[in-house]
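# Observations on chain architecture
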Amino acid sequence: QVQFVESGGGLVQAGGSLRLSCAASGSTFAAIGWYRQAPGNERELVAHINRDGSPYYYVDSVKGRFTISRDNAKNTVYLQMNSLKPEDTAVYYCNFPFHRVGWGQGTRVTVSS
């Protein structure tokens, strides 16, 4: 059973950048998605990368600002977040989009205005 560990979050000013990492416990070649959940909101899919490394999906609110990528040799998926906005504030998680395992602890992103 694959487990994910998210890291890279923090506090950043609006317009700044962060790079999140999602490390898997073993070799991972399936599609993987980044999700986020703000207090009081549903968890939403932010970006989804195919097993071949090609981006498959970005939620409209992050298009042009976020980039998902992966390094299968390192069992890691990344989310480069640029031009951050206060509405990006959330806890960010990764998981399999279509066959989810248990959620990790996530990594908190706080964007101040």
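Before any of the text, the structure's been laid out above.
Quick look at the structure, then. (Residues numbered from 1 in each chain as written. Predicted model: local features only at pLDDT ≥ 70, side-chain atom pairs only at ≥ 80, totals over all residues. Heavy atoms only, no water.)

## What about the sheet that holds strand β7 (residues 66-71)?
Taken in spatial order, the 4 strands of this open sheet run β1-β3-β8-β7, and their pairing is antiparallel. Strand pairing shows two members of the sheet lacking a second neighbour, β1 (4-7) and β7, which therefore form its edges. Pairs of neighbouring strands in the sheet enclose a mean axial angle of 15 degrees, with direction left out of account. Here strand β3 (residues 18-24) runs beside strand β8 (residues 76-81); their pairing, made up of 6 bridges, is antiparallel. Note on β8: the bridge partner recorded for Cys 22 is Val 77. (Pairing = 2+ DSSP bridges. Helix = DSSP H or I, 4+ residues; strand = E, 2+ residues; numbered from the N terminus. Axes fitted to C-alpha atoms, helices over the stretch in contact; angles between N-to-C directions.)

## Digging into the side chain of Arg 65
Within the secondary structure layout, Arg 65 lies in the loop between β6 (55-58) and β7. Within the structure, Arg 65 has its side chain in polar contact with the backbone oxygen of Ser 83 (distance 3.0 Å). Setting aside chain neighbours within four positions, we find Arg 65 in contact with Gln 80, Met 81, Asn 82, Ser 83, Leu 84, Lys 85 and Asp 88. (Polar contact = N/O pair within 3.5 Å; in protein donor to acceptor, adjacent residues only side chain to side chain. Contact = heavy atoms within 4.5 Å.)

## Side note on the state of the cysteines
Using the criterion set out here, one finds 1 disulfide in the structure. Disulfide partner of Cys 22: Cys 94, at an S-S distance of 1.9 Å. Around the S-S axis, the bridge from Cys 22 to Cys 94 shows a dihedral of about 80 degrees and counts as right-handed. Of this pair, Cys 22 sits in strand β3 while Cys 94 is found in strand β9 (residues 90-95), placing the two residues 72 residues apart along the sequence. For the pair formed by Cys 22 and Cys 94, the shared burial category is buried. (Disulfide = S-S within 2.5 Å. Buried < 20%, exposed > 50% of the residue type's maximum accessible area, 1.4 Å probe, protein only.)

Honestly, it's all geometry; don't read function into it.
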